[in-house]
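The lines below spell out each chain.
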Amino acid sequence: MEKPSYNTDIVRGFVNWSIIWGLVAVLVGVIVSLQMVNPDLNFPPYLTFGRLRPIHTNAGIYGWGVGFIFATFFYMAQRLCKTPIWSPKLAKFQLWFFNATIIASAVTLLMGFTTSKEYHEMEWPIDLMIIVLWVMFAINIIMTIIKRREEQMYISLWYMMAAIIGIAVLFVVNSAAVPAALFKSYSAYAGTNDANVHWWFGHNAVAMALTAPPLAMFYYFLPKSTGVPIYSHRLSIISFWSLIFMYLWTGAHHLLWTPVPDWVQTLAMAFSVMLIAPSWGSVINGYLSMNGQWHQMRDNYLVKFLILGLTFYGLQTLQGPMQSIRTFSAFIHYTDWVPGHIHMGTMGWVSMIGFACIYYLVPRIYGNEIFSIPLANLHFWLILIGQLIWSISMWVAGVLQAGMWNAMNPDGSLTYTFMETMVEMYPYWWARAIGGLIYLIGVLIFIYNLYMTVQKGKKSSSTLTEAEGRA
Amino acid sequence: MWEKKPVLLMVLATCTILAGTIITMILPFTWVNTKADRIEGVVPYTPIEQEGRDIYIREGCNNCHSQTVRPLVAEVLRYGEYSKSGEFVYDRPFLWGSKRTGPDLARVGGKYPDSWHYKHMDSPRSMVPRTNMPDYKWLRDNPLDAEAIQHKMDVLDFPYNNPQIAALQTKNEMDAIVAYMQKLGNDINWRKATQVEIIGELVNPYAGVDHITMEPWESVYRNNCAACHGEHLEGEIGPELVGDNYEEEELFKIIYNGIPDGGMPSFSALGSDKVWQLTNFIKYYNQGEGESH
Amino acid sequence: MDLASVFYLGVTFGLFAILVGIVLRTYSKKRKETGEAPKYKMLDDD
């Protein structure tokens, strides 16, 4: 079969921009973590914690996360389908529109135009932009899949399609609002309904944006990096169906003990615990793929990122279900434990996979060998240590805070005032800021390494030079 | 089959994700916010309250403050009556939050007088020395846009009258956010309902206490009372406490139950022991009577 | 047991049957080779 000429320009574009937005996300993250320990670092009206925190989360999810989803999906879809991208022009326009959307989001959020809905703060005109962006992307990927020259579809394509549909459904439903001004709208749902719809969105955004796509990447880039196939394609299929079935029932575990109907909470709790099975189906599949290849953990830095990332996915999907149990939620919900959990998923699982993909992609789309493997290893250790400091300090803080909130005297009165519990958090918030700073240094080394790869890297041997074939 | 047919696979995947969606997300609409859910006394926001709510959203207050009290012992003690679905029917969007860097605000309405909120928003650390809440004094510089607020009330279909709109002309954003704070959780009369009626005779367990015993109680006073009544009981937001002539039992009851209509919070969550400590501290420590017993 | 519980139980068993069906289909001897084929194919030089 003649080798199709794949479009690598578009992959380059999304790789570059996703890294820039990723840097913004981490940088703003460090800033808000410092605002937590010193309120004098708030500069009203624009640079306050309340306005910057959504910029941190949305830059991370929509800029970095969705950015490298675009990059890797365009790369994987072309190769798994053995056909060039359906419309390179549309993809190119999508890149510009993507950046326009992210910039518009950042600017409007700084101005205080927000819906307040976590991970979906952008006001309705930006929501419309995101919908247009997603539709463009969906058409291009789906058409590429339909035009494929490889009849049977590899599991990564399954996860990609589920993610494309899932995000579309979630985003549109949760965006429903009545505009009151150009940048002000009121939710179409009220009170308890709004809460239930929102966390159905919130938790499944985790499923469809931060689980399914990284799984698609993992299933593609692990075998590509190790040179051996995954352990079982059939196991990945069982995990696929059960994962996309079970996730959608679990949103209300964010709302345990709130006025949301009890039975919705109970279903969410039960399905959250059951979700361990499909999650670990993928984890075990990944580990077994390493059978006889574990030495690559030492020699192959890509594998290090991928397998550590998968390990954090495994830990995340044990800790998550644990938190979804009513009694445990009663204790740790609303404390700093929860950000500790989220950041293991984002800084550990999602970003580690993202870094691995980009390390794999850059030599292939630029035709240069990676500038420095020792620097890539340093990057690995910095983000690993940074993330562990971040999450562990928050777990300890959360347990301490929860214990103090619940502490009662023998006469049935509370032992501590709220402020007595809050001031105990300062040392942990400092530790978290330092963890974030270490992570930021890791990201800067990553960017330096890639920059040098593109500028000064040796031309790679013929096996890597797909760049020659780019359209 | 579907492993070779992408459209079929996507249709099946859609059905799969819709199952849980329909049951846990769409179905609850048939129960939630229906008539059965309604609570008498829960009314829509007034123009100034709604504007305060929109400012609360604009400033991202929900990133640090939750607005639901869970039916858990320690939580009800700390914040008040647990939250009920019917209390939120006019909330678009919901503001329950997910993190308590600061305390829950679902029941903050009526807990403090307005002057407490103004002072606290101006400079949180002047009242709560080690808080990490930023200053919001600058909200005072922004007048309200009556016309825009009226339009928003129309969009929400909330009732209002002309005097309410006219009154906005002289108000600023700080007034609005304080008005919103005072509305929160206050539509049901839980504060009076949960007041404790003290049965039987109150006996001061520390009768005749000396200054040395009372010294450590100063921190209880500072943590709970000083923000309003001053470091030296001289009074500020709350009245001066030096030289008042309440009986011990009376003073105990006021601290324990608060004065719901007068903006004095209840301190029953401290437990009767600490409330007695405060009673004795206020009555004797700074009034030179401690040693006379 | 009331009617609603019977209904819920039925739905649960129905869902479980679908899962068993998918597992049996995926793991049937007939599909062993085709089911695992994509994982080798994607390693081809692309």
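Residues numbered from 1 in each chain as written. Chains lettered and ligands numbered in written order. Predicted model: local features only at pLDDT ≥ 70, side-chain atom pairs only at ≥ 80, totals over all residues. Heavy atoms only, no water.

## Quick look at helix 8 (residues 173-183) of chain B
Residues and elements named next belong to chain B. Test applied: Burial here depends on accessible area, computed with a 1.4 Å probe over protein chains only, as a share of the maximum for the residue type. Under 20% is buried, over 50% is exposed, and the range in between is partly exposed. Only DSSP runs of H or I reaching four residues or more are called helices, and only runs of E reaching two or more are called strands; each is numbered from the N terminus. A contact between two residues is defined here by any heavy atoms of the two lying within 4.5 Å. Definition of a polar contact: a pair of N or O atoms within 3.5 Å, with one able to donate and the other able to accept a hydrogen when the atoms are protein atoms, and with sequence-neighbouring residues admitted only if both atoms are side-chain atoms.
Across the 11 residues that make up helix 8, a large majority, 10, are buried. For helix 8, the complete set of buried residues consists of Glu173, Met174, Asp175, Ala176, Ile177, Val178, Tyr180, Met181, Gln182 and Lys183. Where the residues of helix 8 are buried, they touch helix 2 (47-58) and helix 4 (114-122). A distance of 2.9 Å separates the backbone nitrogen of methionine 174 from a side-chain oxygen at the start of helix 8, and that oxygen is part of asparagine 172. Among the residues trailing helix 8, glycine 185 stands out with phi positive, at a value near 70°.

## Some words on the interface of chain A and chain C
What counts, and what does not: Only one rule defines a salt bridge in this text: a Lys or Arg side-chain nitrogen within 4 Å of an Asp or Glu carboxyl oxygen. Classes in brief: Ala, Val, Leu, Ile, Met, Phe, Trp, Tyr, Cys and Pro nonpolar; Asp, Glu, Lys and Arg charged; the others, Gly included, polar.
Contacts between the two partners involve 27 residues from chain A, matched on the other side by 19 residues from chain C. Note that lysine 41 of chain C and glutamate 150 of chain A form a salt bridge whose closest N and O atoms lie 3.0 Å from each other. Taken together, chain A and chain C are joined by 10 residue pairs in polar contact (both at pLDDT 80 or more). Within the residue set of the side of chain A that touches chain C, elements represented by two or more residues are helix 2 (49-80), helix 7 (212-226) and helix 8 (233-246) of chain A. Looking at the side of chain A that touches chain C, the element that brings in the most residues is helix 8 of chain A, giving 7 residues. Split into classes, the residues belonging to the side of chain A that touches chain C amount to 16 nonpolar, 4 polar and 7 charged.

## What about the interface of chain B and chain A?
Selection rule: Buried area is a sum: the accessible area each of two parts loses on coming together, probed at 1.4 Å, counted once for each and added.
Taken residue by residue, the interface counts 84 residues in chain B and 93 residues in chain A. Summed over both sides, the interface between chain B and chain A buries roughly 7600 Å², with carbon and sulfur atoms accounting for 66% of that surface. Ranking the residues of chain B by area buried against chain A places Arg70, Arg78 and Phe94 of chain B at the top, with a combined share of 9%. Joining chain B to chain A, the criterion identifies 4 salt bridges. In this structure, the salt-bridge partner of arginine 125 of chain B is aspartate 40 of chain A, at a minimum N-O distance of 2.8 Å. Counting across the chain B and chain A interface gives 33 residue pairs in polar contact (both at pLDDT 80 or more). Residue assignment for the side of chain B that touches chain A shows that the elements contributing at least two residues are helix 1 (6-26), helix 2, helix 3 (73-79), helix 6 (146-156), helix 11 (217-224) and helix 14 (271-284) of chain B. In terms of residue count, the dominant contributor to the side of chain B that touches chain A is helix 1 of chain B (15 residues). Residue composition of the side of chain B that touches chain A, by class: 40 nonpolar, 26 polar and 18 charged.

## Thoughts on the confidence of the model for chain A
Note the following rule: pLDDT measures how confident the predictor is about each residue, on a scale from 0 to 100.
Residues with a pLDDT of 70 or more make up 97% of chain A, whose mean pLDDT is 95. Confidence over residues 465-471 of chain A falls short of pLDDT 50; this stretch has 20 contacts with residues more than four positions distant or in other chains.

## Re the packing of aromatic side chains
All names here are of chain A. Filter applied, for reference: Ring geometry is summarised as follows: Phe, Tyr and Trp rings, the Trp one being its six-membered ring, pair when their centres sit within 6.5 Å, and such pairs are stacked at plane angles under 30 degrees, edge-to-face over 60 and tilted between the two. The rule for a charge over a ring is simple: NZ of Lys or CZ of Arg within 6 Å of the ring centre, and within 35 degrees of the ring normal.
Tallied over the entire structure, the rule returns 60 aromatic pairs over all chains. Ring plane angle 90° and centroid distance 5.5 Å describe the contact between tryptophan 158 and phenylalanine 240, whose orientation is recorded as edge-to-face. Highlighted residues: tryptophan 158 in helix 5 (residues 155-175) and phenylalanine 240 in helix 8, separated in sequence by 82 residues. When the ring of tyrosine 159 is compared with that of phenylalanine 240, the centres are 5.1 Å apart and the planes differ by 80°; the resulting orientation is edge-to-face. Of this pair, tyrosine 159 sits in helix 5 while phenylalanine 240 is found in helix 8, placing the two residues 81 residues apart along the sequence. Tyrosine 159 gets classed as buried once you look at its relative accessible area, which sits at 0%. On the basis of relative accessible area, phenylalanine 240 is assigned to the buried category, the value being 0%. An aromatic cluster of at least three residues, connected via ring pairs, comprises Trp64, Phe68, Tyr301, Phe305, Phe355, Tyr359, Phe380, Trp381 and Phe446. Just above the ring of tyrosine 360 sits the side chain of arginine 364; from NZ or CZ to the centre is 3.7 Å.

## Here's the deal with the pattern of salt bridges
Going through the model one piece at a time under the given rule, you end up with 28 salt bridges over all chains. Between arginine 234 of chain A and glutamate 36 of chain C there is a salt bridge, with its nearest N and O atoms 3.0 Å apart. Of this pair, arginine 234 of chain A sits in helix 8 while glutamate 36 of chain C sits in helix 2 (residues 32-41), placing the two residues on different chains. Glutamate 36 of chain C shares its class with arginine 234 of chain A; the two are buried. As a salt-bridge pair, arginine 70 of chain B and glutamate 75 of chain B come within 3.0 Å of each other at their nearest N and O atoms. Under the relative-accessibility criterion, arginine 70 of chain B is labelled buried at 2%. It is possible to trace a salt-bridge network through shared partners that takes in Arg51 of chain A together with Arg58, Glu59 and Glu173 of chain B.

## As for unusual backbone geometry
The step from proline 44 of chain A to proline 45 of chain A runs through a cis peptide bond, and the omega angle for that step is 0°. Structurally, proline 45 of chain A is set in the loop between helix 1 (9-37) and helix 2. Even without being glycine, tyrosine 119 of chain A reaches a positive phi, approximately 65°. As for its position among the elements, tyrosine 119 of chain A is in the loop between helix 3 (88-110) and helix 4 (124-146). Positioned with a positive phi, leucine 233 of chain B is a non-glycine residue whose angle comes to about 65°. Along the polypeptide, leucine 233 of chain B turns up in the loop between helix 12 (226-229) and helix 13 (248-257).

## Comments concerning the state of the cysteines
All names here are of chain B. This is how it is decided: Two cysteine sulfurs form what is called a disulfide whenever their separation falls within 2.5 Å.
Within the structure shown, the criterion is met by 0 disulfides over all chains. Left unpaired, cysteine 225 is separated from the closest cysteine sulfur, that of cysteine 228, by 8.9 Å. Accessibility expressed as a relative area gives 10% for cysteine 225, which makes it buried.

## A few points about the side chain of asparagine 63 of chain B
In this fold, asparagine 63 of chain B is placed in the loop between helix 2 and helix 3. Looking at asparagine 63 of chain B, its side chain comes within polar contact range of the side chain of arginine 53 of chain A, at 3.0 Å. If we skip the residues at most four places from it in the chain, asparagine 63 of chain B touches Phe49, Gly50, Arg53 and Pro54 of chain A together with Lys99 of chain B.

## Digging into the environment of serine 66 of chain B
Along the chain, serine 66 of chain B turns up in the loop between helix 2 and helix 3. Taking C-alpha positions, serine 66 of chain B is 25 Å from alanine 36 of chain B, a pair spaced 30 residues apart along the chain. Those residues in contact with serine 66 of chain B that lie beyond four places of it in its chain are Tyr334 of chain A together with Leu95, Trp96, Gly97, Lys99, Arg100, Pro103, Asp104, Leu105 and Ala106 of chain B. Looking at serine 66 of chain B, its side chain comes within polar contact range of the side chain of arginine 100 of chain B, at 2.6 Å.

## A closer look at the side chain of arginine 191 of chain B
Residues and elements named next belong to chain B. Let me state the cut-off plainly: Charged residues are defined here as Lys and Arg on the positive side and Asp and Glu on the negative side; His and the ends of the chain fall outside this count.
Its location among the elements puts arginine 191 in helix 9 (residues 190-193). Despite being buried, arginine 191 has no salt bridge partner; aspartate 261 is the closest side chain of opposite charge, sitting 8.4 Å away. Of note is the side chain of arginine 191, whose polar atom sits 2.9 Å from the backbone oxygen of arginine 107. Here arginine 191 is in contact with Arg107, Val108, Gly109, Gly110, Lys111 and Pro260, once residues within four sequence places are set aside.

## Things to note about the packing of helix 12 (residues 301-323) of chain A against helix 14 (residues 337-366) of chain A
Residue and element names in this part refer to chain A. The following threshold applies: Throughout, an axis means a line fitted to C-alpha atoms (over the contacting stretch in the case of helices), and angles, computed between N-to-C directions, take values from 0 to 180 degrees. For this classification, under 35 degrees means roughly parallel, over 145 means roughly antiparallel, 65 to 115 means roughly perpendicular, and everything else is oblique. Helix crossings fall into two classes, left-handed where the near helix is turned counterclockwise from the far one by less than a right angle and right-handed where it is turned clockwise.
Where helix 12 contacts helix 14, the two axes come as close as 8 Å, and the packing angle between them is 155°. The orientation of helix 12 with respect to helix 14, classified from their angle, is roughly antiparallel. In this structure, the crossing between helix 12 and helix 14 has a hand that is left-handed.

## Examining helix 2 of chain C
Defined as follows: Note that the arc is computed from the directions linking the helix axis to the C-beta atoms.
Turning to helix 2 of chain C, its buried residues number three or more, namely Gly35, Glu36, Pro38 and Lys39 of chain C. The buried residues of helix 2 of chain C occupy an angular sector of 130° when the element is viewed end-on, so they sit on one face. Among the structural elements, helix 8 of chain A are those in contact with the buried residues of helix 2 of chain C.

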